[in-house]
Amino acid sequence: MSGHSTYEPKTGVERWLDTRLPIIRLGWDSVVDYPTPKNLNYWWTFGGILAVCLMIQIVTGVVLAMHYVPHIDHAFASVERIMRDVNYGWLVRYMHANGASMFFIAVYIHMFRGLYYGSYKAPREVLWILGCIIYLLMMATAFMGYVLPWGQMSFHGAVVITNLFGALPIVGEAITTWLWGGFAVDNATLNRFFSLHFLLPFMIAGVVGLHIWALHVPGNNNPTGVNVKSKADTVPFHPYYTVKDGFAIVLFLILFASFLFYNPNALGHADNYIPANPLVTPSHIVPEWYFLPFYAILRAVPDKLGGVILMFGAIAVLFVLPWLDTSKVRSMRYRPTGKLYFLIFVLACLVLGYCGGQLPDNHVIPGLSTFTLIDADLNSMVWLSRLATLYYFGYFLVILPLLGLTETPLPQPESISTPVLSHPASTPAGATAAPEKKG
Amino acid sequence: MEPPPQPKGSLKVADTVVGENPDHHASGEDPNRRDFIHIAAGAAAVGAVGALAWPFIDQMNPSADTLALASVDFDLTKVALGQQVTIKWRGKPLFIRRRTEAEIAAAVADDNANLPDPQTDAERHKPGKAEWMILIGSCTHLGCVPTFGGGDFGGWFCPCHGSHYDTSGRIRRGPAPLNLAVPDYEFLSDTTVKVG
């Protein structure tokens, strides 16, 4: 997509097309001869995995839309009809429902990869921000998709999430009424959610195009975080990474299939097989697992508006991350202190996810009551959430800005090839990789 | 080949245009006719997009038929003392609770308690109708339906995020900022109420 093109049309037809629509050239330069750092590890295969996830969701989603009825009186029954009567409907729906979870597993790994290896740093800020936009669109799409079966969790999840906007001062009520198209979550809401749930994946596909474009301008980051210095540092995308990505995709599809065929409801919630009843809220409502960390942040704050601000802030902070991290070193591989803080950050995210699935007053250590601090027992999920929330924001707003100024990073290799080729004179003290004969 | 030198301010683009290039006025000069056309065309385009945007935004607001289904009559004889009936009104649950003497007394006794959203019990029911507590059954936190009988204040408890309401539907503890809302309603007779 950028730089010098190596494509040479071989036939007359190719030459004819190349001067009119150079689409073969685009494909060639993007996925065949695209120079890729030769040291990418398996954490780098999730981009390709995510592309596969998006395609699965779009194909299964279009099929489901042929059988689904977006009306409060028919939605639940039409989903059950898909499960029982439509030929292979069960397969397509389970692919779509579990596919959403697989999509989020992959996107979280992809994001943590970017965080660890500093893939958000110059010159890849726009690439990172486009990724954040894709993530936001994914969350909106997943939320609206979860509403469509019109079960108890669908309905009350929609009520809670749309009510979040009611926390805004002055305009809050007008916005929620506008979102609902009525005075409550009702048929108008279901209809528009269906329309938008159909639209957003194609917008995601569009932004993915921009994301790949923005990737191919500076090229891939790599585990060392060191810029590509010469042709010796790269290999052509095909066959090296088409094969490596392909292998990772197969492994990922095995995981997908194990959920799909052996435990298709493990990641869902049983209450969503009860038709929506606006008069009774399930006693324990939780969002899908991929939203649990944000749900925990929301509940960690005793104030309604404060909770909403912090929850959206948890995503907003990702957009400015490229300017928060002051370290000149991209990869955490050469930031021993940063690496430690990063691992605690991953832990904090997992803790938030765990807390989001528990009742706020549940004890962290069973059976132990300590003392009430402000409004809850210290040994409660709500205090654990607060601690993890504090670390989540502290990591971005305090640790990354300050650490870059104070820490002493390990020496970085001069180039990608240096740590793997035997150059005793230039091998840095920190590089422990054994000399690689094959290069 | 060097182009022949040209006097400053004259035209280099094409020789079919006669006189000064209208775009070549120095800053600070009066806008000429071409600027006017640029600005006017731009303003018309922005105005047209803005005017078209509103219908596309407003179509999501409640439609005329949704707004028309706004009131409901209810026969109070169906509710026994100490019982609560939940009906659907404007898509939301509506609690119609016939309170016992003890519940009313508990609510009045707490009129001067430390309330997050201060209101007396008398302000929350019709005069002389303390028995009837009519509330929108939607938690003021995030809209879940509170259940009666739970919580620490003898009233409602919201299972979603743990808001406690008293027997007057006032918020007492938890993340909800406001008391359970009292809808507009009137007694058509001693046994019939019209909500909305």
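All values derive from a computational prediction rather than experimental measurement. (Residues numbered from 1 in each chain as written. Chains lettered and ligands numbered in written order. Predicted model: local features only at pLDDT ≥ 70, side-chain atom pairs only at ≥ 80, totals over all residues. Heavy atoms only, no water.)

S.K.: Just checking my understanding: could you explain the overall build of chain B for this structure?
M.R.: Along chain B, the regular secondary structure elements total 3 helices and 10 strands. The helix and strand sequence of chain B, counted from the amino end, reads α-α-β-β-β-α-β-β-β-β-β-β-β. For chain B, buried positions account for 35% of its 196 residues. The long-range share in chain B, meaning contacts at least 24 apart out of those at least 6 apart in sequence, stands at 48%. In the form shown here, chain B has an accessible surface area of approximately 11,500 Å², with 59% of it arising from carbon and sulfur atoms. (Helix = DSSP H or I, 4+ residues; strand = E, 2+ residues; numbered from the N terminus. Buried < 20%, exposed > 50% of the residue type's maximum accessible area, 1.4 Å probe, protein only. Contact = heavy atoms within 4.5 Å. Areas by Shrake-Rupley, 256 points an atom, 1.4 Å probe, with all protein chains shown as cover.)

S.K.: What is the right way to read the overall build of chain A from this model?
M.R.: Counting secondary structure elements, chain A contains 15 helices and 4 strands. The C-alpha atoms of chain A give a radius of gyration of 24 Å, which matches the 22 Å a tight globule of 439 residues would have. Here chain A holds 439 residues, and the buried ones make up 48% of them. The long-range share in chain A, meaning contacts at least 24 apart out of those at least 6 apart in sequence, stands at 75%. (Rg over C-alpha atoms; globule rule 2.2 N^0.38 Å.)

S.K.: Which parts of the structure should I look at to understand the state of the cysteines?
M.R.: Chemically, a disulfide is nothing more than a covalent bond linking the sulfur atoms of two cysteines. This structure, assessed with the given rule, holds 1 disulfide over all chains. The residue that forms a disulfide with cysteine 144 of chain B is cysteine 160 of chain B, at a sulfur-sulfur distance of 2.0 Å. In this structure, the disulfide formed by cysteine 144 of chain B and cysteine 160 of chain B twists by about -100 degrees around the S-S bond and is classed as left-handed. In this pair, cysteine 144 of chain B sits in the loop between strand E4 (132-136) and strand E5 (147-148) while cysteine 160 of chain B sits in the loop between strand E6 (154-157) and strand E7 (164-166), placing the two residues 16 residues apart along the sequence. Take cysteine 144 of chain B and cysteine 160 of chain B: they sit in the same class, and that class is buried. Cysteine 349 of chain A forms no disulfide, and the closest cysteine sulfur to it belongs to cysteine 355 of chain A, at a distance of 12 Å. (Disulfide = S-S within 2.5 Å.)

S.K.: Just to check I follow, could you spell out the interface of chain A and chain B for this structure?
M.R.: How large an interface is tends to be reported as the accessible area lost when its parts come together. Facing 26 residues of chain A, the contacting portion of chain B comprises 26 residues. A per-residue breakdown of the area chain A buries against chain B is headed by Trp178, Phe183 and Leu279 of chain A, which together make up 32% of the total. On inspection of chain A and its partner chain B, the count reaches 0 salt bridges. Taken together, chain A and chain B are joined by 8 residue pairs in polar contact (both at pLDDT 80 or more). Of all the secondary-structure elements, those providing two or more residues to the side of chain A that touches chain B are helix H7 (152-164), helix H8 (172-180) and helix H11 (292-300) of chain A. With 5 residues, the top contributor of residues to the side of chain A that touches chain B is H7 of chain A. For the side of chain A that touches chain B, a count of residues per class yields 15 nonpolar, 7 polar and 4 charged. (Buried area = accessible area lost by both parts, 1.4 Å probe. Salt bridge = Lys/Arg side-chain N within 4 Å of Asp/Glu carboxyl O. Polar contact = N/O pair within 3.5 Å; in protein donor to acceptor, adjacent residues only side chain to side chain. Nonpolar A, V, L, I, M, F, W, Y, C, P; charged D, E, K, R; others polar.)

S.K.: Just checking my understanding: could you explain a nonpolar patch on the surface for this structure?
M.R.: On the surface, Tyr42, Phe247, Val250, Leu251 and Ile254 of chain A cluster together into a nonpolar patch covering about 490 Å² of accessible area. Owing to a relative accessible area of 45%, phenylalanine 247 of chain A belongs among the partly exposed residues under this scheme. (Patch = residues over 30% accessible without salt bridge, like charges linked within 9 Å, V, L, I, M, F, W, Y side chains within 5 Å.)

S.K.: Sorry, what's going on with the sheet that holds E5 of chain B here?
M.R.: An order of E5-E6-E7-E8 (chain B) is seen for the 4 strands of this open sheet, with the pairing classed as antiparallel. Both outer strands of the open sheet, E5 and strand E8 (171-173) of chain B, are each paired with one neighbouring strand and no more. (Pairing = 2+ DSSP bridges.)

S.K.: Could you clarify how one ought to interpret the environment of threonine 141 of chain A in this entry?
M.R.: Residues and elements named next belong to chain A. With respect to the helices and strands, threonine 141 occurs in helix H6 (residues 125-147). In this structure threonine 141 comes out as buried when scored by relative accessible area, which is 9%. Considered as a pair, threonine 141 and proline 201 are 60 residues apart in the sequence and their alpha carbons are 7.1 Å apart. Within polar-contact distance, the side chain of threonine 141 engages the backbone oxygen of leucine 137 at 2.6 Å.

S.K.: What exactly am I supposed to notice about the packing of aromatic side chains here?
M.R.: For any pair of aromatic rings, geometry is given as the distance between the ring centres together with the angle between the planes. Per the counting criterion, the structure on display carries 33 aromatic pairs over all chains. Both rings, one in phenylalanine 95 of chain B and one in tryptophan 156 of chain B, keep their centres 5.8 Å apart while their planes meet at 0 degrees; by these two values the pair is stacked. Of this pair, phenylalanine 95 of chain B sits in strand E3 (residues 92-98) while tryptophan 156 of chain B is found in strand E6, placing the two residues 61 residues apart along the sequence. Comparing phenylalanine 95 of chain B with tryptophan 156 of chain B, the two get one shared label, buried. Taken together, the ring pairs connect Trp44, Phe112, Tyr116, Tyr117, Phe342, Phe345, Tyr391, Tyr392, Phe393, Tyr395 and Phe396 of chain A into an aromatic cluster. The lysine or arginine in question, arginine 113 of chain A, covers the ring of tryptophan 44 of chain A, its NZ or CZ lying 4.5 Å from the ring centre. (Phe/Tyr/Trp six-rings, centres within 6.5 Å; stacked < 30°, edge-to-face > 60°. Lys NZ or Arg CZ within 6 Å of the ring centre and 35° of its normal.)

S.K.: Could you clarify how one ought to interpret the pairing of E3 of chain B in this entry?
M.R.: Side chains on a regular strand alternate between the two faces of the sheet. Residues and elements named next belong to chain B. For E3, the tally of buried residues reaches 5 of 7 residues, placing the bulk of the element in the interior. As paired strands, strand E2 (residues 84-89) and E3 are joined by 6 bridges and run antiparallel to one another. Across the sheet, the residue bridging to glutamine 84 is arginine 97, located in E3. As consecutive antiparallel partners, E2 and E3 are separated by 2 residues, and within that stretch arginine 90 has a phi angle of approximately 50 degrees, a positive value. Judged from the 5 bridges that link them, E3 and E4 form a sheet pairing that is antiparallel. Note on E4: the bridge partner recorded for arginine 97 is methionine 133.

S.K.: Looking at this structure, I do not really get the pattern of salt bridges. What am I missing?
M.R.: Pairing between side chains of opposite charge can happen when their charged atoms approach one another. Residues and elements named next belong to chain B. Inspection of every chain in the model, using the stated rule, returns 14 salt bridges over all chains. The partner of aspartate 152 in a salt bridge is arginine 173, and the shortest N-O contact between them spans 3.1 Å. Taken as a pair, aspartate 152 in the loop between E5 and E6 and arginine 173 in strand E8 lie far apart in primary sequence, 21 residues in all. Taking the relative accessible area as the measure of exposure, arginine 173 reaches 43% and is therefore partly exposed. Among the charged side chains, a network of salt bridges with common partners joins Asp110, Asp111, Asp166, Arg170 and Arg172.

S.K.: Got a minute to help me understand the packing of helix H14 (residues 336-356) of chain A against helix H15 (residues 381-406) of chain A in this structure?
M.R.: The axes of two packed helices give the description: the angle between them and the distance between them. All names here are of chain A. One can describe the packing of H14 onto H15 by two numbers: an axis separation of 9 Å at closest approach and a directional angle of 150 degrees. Classified by the angle their axes make, H14 and H15 are roughly antiparallel. Considering the relative orientation of H14 and H15, their crossing is left-handed. Of H15, the residues touching H14 (which contributes Thr337, Gly338, Tyr341, Phe342, Ile344, Phe345, Ala348, Cys349, Val351, Leu352, Tyr354 and Cys355) are Met381, Leu384, Ser385, Ala388, Thr389, Tyr391, Tyr392, Tyr395, Phe396, Ile399 and Leu403. Residue composition of the contact of H14 with H15, grouped by class: 19 nonpolar, 4 polar and no charged. (Axes fitted to C-alpha atoms, helices over the stretch in contact; angles between N-to-C directions. Parallel < 35°, antiparallel > 145°, perpendicular 65-115°, else oblique. Left-handed = near helix turned anticlockwise from the far one by under 90°.)

S.K.: Which parts of the structure should I look at to understand the sheet that holds E3 of chain B?
M.R.: Strand pairing in a sheet relies on backbone hydrogen bonds. The paired strands run either parallel or antiparallel. All names here are of chain B. A sheet is described by the order of its strands in space; here 3 strands give the open sequence E2-E3-E4, paired in antiparallel fashion. Two strands bound the open sheet, and with one partner strand each, they are E2 and E4. Between one strand axis and the next, the sheet turns by 20 degrees as a mean value, whatever way the strands run.

S.K.: Can you help me understand the environment of tyrosine 146 of chain A in this one?
M.R.: Residues and elements named next belong to chain A. Within the element layout of this structure, tyrosine 146 appears in helix H6. Separated by 79 residues in the primary sequence, tyrosine 146 and histidine 67 place their C-alpha atoms 16 Å from one another. If near-sequence neighbours (up to four positions away) are discounted, tyrosine 146 is found in contact with Met153, Ser154, His269, Asn272 and Glu288.

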